Amino acid sequence: MAATTLNFSPSVKLLSNKNGFLGSQFSKSFVSSKLFLGNSSFSVGTLSFTINHQSSYSHINGSRWSSTAFRCFAQKSEPSLSVDGRGNNGASERVVVLVIGGGGREHALCYALQRSPSCDAVFCAPGNAGISSSGNATCIPDLDISDSSAVISFCRKWNVGLVVVGPEAPLVSGLANDLVKAGIPTFGPSAEAAALEGSKNFMKSICDKYGIPTAKYQTFLDASAAKQYIKEQGAPIVIKADGLAAGKGVIVAMTLDEAYEAVDSMLVEGVFGSAGCRVIVEEFLEGEEASFFALVDGENAIPLESAQDHKRVGDGDTGPNTGGMGAYSPAPVLTKELQSIVMESIILPTVKGMAAEGCKFVGVLYAGLMIEKKSGLPKLIEYNVRFGDPECQVLMVRLESDLAEVLLAACRGELEGVSLNWSPGSAMVVVMASEGYPGSYKKGTVIQNLEEAELVAPSVKIFHAGTALDLDGNFVATGGRVLGITAKGKDLEEAKDRAYQAVEEINWPGGFYRRDIGWRALPQKQFATNA
């Protein structure tokens, strides 16, 4: 049998394939029911289903499908309890959530949302093959997330009560504006507030106006003027494209010639297009980088746990910058005292400043910090207006609070007094990337043993960032950063051991990974066996 269709007159029509749910129609009375689509089991109303995927395949309209067997039985509905952001047990409204995006960060968000007692169902658009196969969400690959009207129509059809926007591009283009205007609660800032990430010049001007500590800088439209300033300041020095450049618009120039070349590439050659038509020339700060995240409701902010990532592609933090090759939480460099300083001197002044500017910020503020070597104090390097990737992965496996409930509270301006619960111990994620990344890389290389890797040690979870399924049902790599092998442990050493144990179980000749994630926080002897 090529595919299985179940008809429940008049309420439900379900169509399943190997990757989970592809098509379905529900009456409105069922939309708020507990629904885990694409998993081994799900329920609609008082019926519960177990899905057994068989190994036989058929082709329909050029697509390869698996046959699927369903078993159903009656299940008594019971009122649900959830733990709210304040740690209290109590009855809670149930919500259907749509996550926008399709990378490792979005997989981690889906994972945490699916575990939230107040969450009824999780959709992810476009999602990816790993998210779908894991059962953490129902992926909607055909939904055009750049078309606000299409997203709004989907939300209304499926009674979506919360949209969580993962990537920065839809935020900067105004998706949150359109959704909020349509009355759909959306966790993510407006286009105006997203300029904190979309324009480094805007972020710097907010820092200037509201006394937020950051690196000294000047902004330039003219290449010769920029070079003259660079000559006066000397090297090392940092050159940044003003706009979004897919994480590649920052050049740390160690010599004057490198700095001049960076300016020419942006302002003369236009390698980053409109994103690089204005450049920020910034002083080089020496110290240790750290990531700080806070949930913001427009007026209030609450900190998340600390995390630290590794941007450079090579061991020992060498080679070119990437989107991030691994991360760990908590980050020892961010002591409780420093976290308090960051909240008081950086996060809260930003939140209040944005409100004063008439563009309240609702969403997650991700502050890229430098803990300066000479002063020991934090300075703001940059803002991102979404969860970091891969930091999100380690935060979501440690989060014990109801994520859906907390994000809804942020959308409603109700974060005051909310606190979050976190699992003790540590978490680490090791990113596996395609050979050649961050340069050119081959797509379609086969990845095997993922299921075995997740079972090799306790508390291992594999998040998919860039995978698809080939015609034989194998996972294949479709991106630069492809997998996030994540593990928890009683301490960072145990989390590291479990994560690397799982990494070594994966059979992917076309991939590579750093062998020293967490090296700043662990004794060097920890990495002797991985060298």
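Residues numbered from 1 in each chain as written. Predicted model: local features only at pLDDT ≥ 70, side-chain atom pairs only at ≥ 80, totals over all residues. Heavy atoms only, no water.

K.L.:
Hey, could you run me through the overall build of the chain in this one?
P.N.:
For the chain, the helix and strand inventory stands at 15 helices and 32 strands. Within the chain, the fraction of its 531 residues that count as buried is 56%. The long-range share in the chain, meaning contacts at least 24 apart out of those at least 6 apart in sequence, stands at 66%. Just so you have it, the chain exposes about 21700 Å², and 50% of that area is on carbon and sulfur atoms. (Helix = DSSP H or I, 4+ residues; strand = E, 2+ residues; numbered from the N terminus. Buried < 20%, exposed > 50% of the residue type's maximum accessible area, 1.4 Å probe, protein only. Contact = heavy atoms within 4.5 Å. Areas by Shrake-Rupley, 256 points an atom, 1.4 Å probe, with all protein chains shown as cover.)

K.L.:
Just to check I follow, could you spell out the packing of aromatic side chains for this structure?
P.N.:
Between two aromatic rings, the relevant description is the distance of the centres plus the angle of the planes. By the definition in use, this model includes eight aromatic pairs. Ring centres of Phe-123 and Trp-158 lie 5.5 Å apart, and the angle between their planes is 55 degrees; on these two criteria the pair is classed as tilted. Separated by 35 residues along the polypeptide, Phe-123 in strand 10 (residues 119-126) and Trp-158 in the loop between helix 4 (148-157) and strand 12 (160-165) bring together distant segments of the chain. Exposure class is identical for Phe-123 and Trp-158. Each is buried. (Phe/Tyr/Trp six-rings, centres within 6.5 Å; stacked < 30°, edge-to-face > 60°.)

K.L.:
Could you clarify how one ought to interpret the sheet that holds strand 15 (residues 237-241) in this entry?
P.N.:
Reading across from one edge, 14-17-15-16 is the order of the four strands in this open sheet, with antiparallel pairing throughout. With partners counted over all chains shown, the strands left at the sheet margins are strand 14 (217-220) and strand 16 (250-253), one partner each. Strand-to-strand, the axes of this sheet are offset by a mean angle of 20 degrees, without reference to chain direction. Two elements, strand 15 and strand 17 (residues 279-283), share five bridges in a ladder whose sense is antiparallel. In the strand pairing of strand 17, Ala-241 is matched with Val-279. Packing of helix 8 (residues 200-210) onto the sheet brings it into contact with strand 14, strand 15, strand 16 and strand 17, and relative to strand 14 it is tilted by some 140 degrees. Those strands touched by helix 9 (residues 223-233) are strand 14, strand 15 and strand 17, and its axis lies near 160 degrees from that of strand 14. (Pairing = 2+ DSSP bridges. Axes fitted to C-alpha atoms, helices over the stretch in contact; angles between N-to-C directions.)

K.L.:
For this particular structure, what's the right way to read the nonpolar core?
P.N.:
Burial of nonpolar side chains together is a common tendency in soluble globular proteins. Core analysis: the largest hydrophobic core is formed by 81 residues, its most contacted members being Leu-98, Ile-347 and Ile-506. With eight residues, helix 11 (residues 336-356) is the single largest residue contributor to this core. Discounting chain neighbours no more than four positions away, the residues touching Ile-506 are Met-432, Ile-447, Gln-448, Asn-449, Leu-450, Ala-453, Ile-462, Leu-483 and Ile-485. (Core = buried A, V, L, I, M, F, W, Y, C linked by side-chain atoms within 4.5 Å.)

K.L.:
What exactly am I supposed to notice about helix 10 (residues 256-268) here?
P.N.:
Each full turn of the α-helix corresponds to 3.6 residues, which orients residues three or four apart in the same direction. Helix length check: helix 10 (13 residues) gives 17 Å between terminal C-alpha atoms against 18 Å at 1.5 Å per residue, within 8%. Those residues of helix 10 not exposed but buried are Ala-259, Ala-262, Val-263, Ser-265, Met-266 and Leu-267. Those residues of helix 10 that are buried are in contact with strand 14, helix 9, strand 15, strand 16 and strand 17. Gly-270 occupies a position one or two residues after helix 10 and carries a positive phi of about 65 degrees. (Expected span 1.5 Å × (residues − 1).)

K.L.:
Can you help me understand a negative patch on the surface in this one?
P.N.:
Side chains of Asp-257, Glu-258, Glu-261 and Glu-269 sit close together on the surface and give a patch of like negative charge. Mapped onto the elements of the fold, Asp-257 is located in helix 10. By relative accessible area, which is 59% here, Asp-257 ends up exposed. (Patch = residues over 30% accessible without salt bridge, like charges linked within 9 Å, V, L, I, M, F, W, Y side chains within 5 Å. Salt bridge = Lys/Arg side-chain N within 4 Å of Asp/Glu carboxyl O. Lys, Arg positive; Asp, Glu negative; His and termini not counted. Charge placed at Lys NZ, Arg CZ, Asp CG, Glu CD.)

K.L.:
So what exactly am I meant to see when it comes to the pattern of salt bridges here?
P.N.:
Applying the stated criterion across every chain, the model contains 23 salt bridges. A salt bridge links Lys-204 to Glu-282; the nearest nitrogen and oxygen atoms lie 2.8 Å apart. A residue pair is termed long-range when its members are at least 10 positions apart, and Lys-204 in helix 8 and Glu-282 in strand 17 qualify at 78 residues. The exposure class of Lys-204 is buried, given its relative accessible area of 1%. Assessed through its relative accessible area of 5%, Glu-282 is described here as buried. Ionic pairing is found between Arg-398 and Glu-305, a salt bridge with its closest N-O pair at 2.9 Å. Residue Arg-398 is located in helix 12 (residues 391-398), and its partner Glu-305 is located in the loop between strand 19 (301-303) and strand 20 (308-309); the two are separated by 93 residues in the primary sequence. Of the two residues, Arg-398 and Glu-305, neither departs from the other in class, the shared state being buried. Where salt bridges share partners, they join Asp-317, Arg-514, Asp-516 and Arg-520 into one cluster.

K.L.:
What's the story with the pairing of strand 25 (residues 378-384) in this structure? I'm lost.
P.N.:
Working note: regular strand, side chains alternate between the two faces of the sheet. Burial analysis of strand 25 places six of its seven residues in the buried class, the great majority of the element. Remark: five residues form the turn of the hairpin made by strand 24 (residues 362-372) and strand 25, two consecutive strands paired antiparallel; Gly-376 in that turn has positive phi of roughly 75 degrees.

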